[in-house]
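Understanding the architecture of this molecule
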Amino acid sequence: MRRSIPRAKPYPKCPVETTLDVVGGRWKGILLFHLLTNPVLRFGELRRRVPGATQRMITLQLRELERDGCITRKAYPQMPPRVEYSITDFGRTLEPVVKTLCFWGMEHGGWRPAQRAQGSTLELK
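Described in the following lines is the structure provided in the data block. Note that the coordinates shown come from a computational prediction; the quantities given were computed from them, not determined experimentally.

What follows deals with the overall build of the chain. Within the chain, the secondary structure is distributed over 7 helices and 3 strands. Taken from N to C terminus, the helices and strands of the chain fall in the order α-α-β-α-α-β-β-α-α-α. Burial status across the chain gives 30% buried among its 125 residues. Within the chain, residue pairs in contact and separated by at least 24 positions form 52% of the contacts whose partners lie at least 6 positions apart.

This is the structure we're talking about:
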């Protein structure tokens with residue numbers, strides 16, 4: 001007769017872990033930033049704005065953001081295919097998080113004062 005060993009109860013998820021489940025990933029924060037500052041962006045525009053990412057990686061990150069309800073994807077039945085992405089109301093709740101990341105990067109990312117003065121493109125609505 002075997003006795004079962006009681007398992008330890010798992011800890012509840014840390015709130016930071018919950019947030020990172022949604023925005024974690026190399027490119028998600030950058031994609032969210034661009035979608036928060038532009039009402040609608042086509043896939044090609046997003047690709048140009050994130051030149052360090054491959055097309056496959058952008059597609060995967062966009063799919064995850066869509067799955068999590070942060071963005072919507074609208075495909076138009078035409079040739080060539082046209083796909084537009086926009087932020088959802090739920091995705092907009094991440095604006096303070098993205099803004100904070102943006103400001104922290106400006107403060108600690110080695111930005112020169114002249115670049116900070118030109119920061120109008122980095123301001124979120």
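In this section: the pairing of strand E2 (residues 71–76). Both E2 and strand E3 (residues 82–87) contribute to a ladder of 6 bridges, which runs antiparallel. Residue pairing for E3: Ala-75 is matched across the bridge by Val-83. The turn joining E2 and E3, which pair antiparallel and follow one another in sequence, is formed by 5 residues.

Of all hydrophobic cores here, the largest spans 25 residues; its most connected members are Leu-31, Leu-32, Leu-62, Ile-71 and Tyr-85. Among the elements of the structure, helix H1 (15–23), helix H2 (28–37), helix H3 (43–49), helix H4 (55–67), E3 and helix H6 (95–108) are those that each provide at least two residues to this core. The greatest single-element share of this core, amounting to 5 residues, is contributed by H2. Setting aside residues no more than four positions away along its own chain, Ile-71 makes contact with Leu-32, Leu-35, Leu-62, Leu-65, Glu-66, Tyr-85, Ser-86, Ile-87 and Thr-88.

Looking at the secondary structure, you find Thr-37 in helix H2. Take Thr-37: its relative accessible area is 18%, and that puts it in the buried class. A polar atom in the side chain of Thr-37 sits 3.0 Å from the backbone oxygen of Phe-33. At a separation of 3.2 Å, a polar atom in the side chain of Thr-37 contacts the side chain of Asn-38.

Analysis parameters
- Residues numbered from 1 in each chain as written.
- Predicted model: local features only at pLDDT ≥ 70, side-chain atom pairs only at ≥ 80, totals over all residues.
- Heavy atoms only, no water.
- Helix = DSSP H or I, 4+ residues; strand = E, 2+ residues; numbered from the N terminus.
- Buried < 20%, exposed > 50% of the residue type's maximum accessible area, 1.4 Å probe, protein only.
- Contact = heavy atoms within 4.5 Å.
- Pairing = 2+ DSSP bridges.
- Core = buried A, V, L, I, M, F, W, Y, C linked by side-chain atoms within 4.5 Å.
- Polar contact = N/O pair within 3.5 Å; in protein donor to acceptor, adjacent residues only side chain to side chain.

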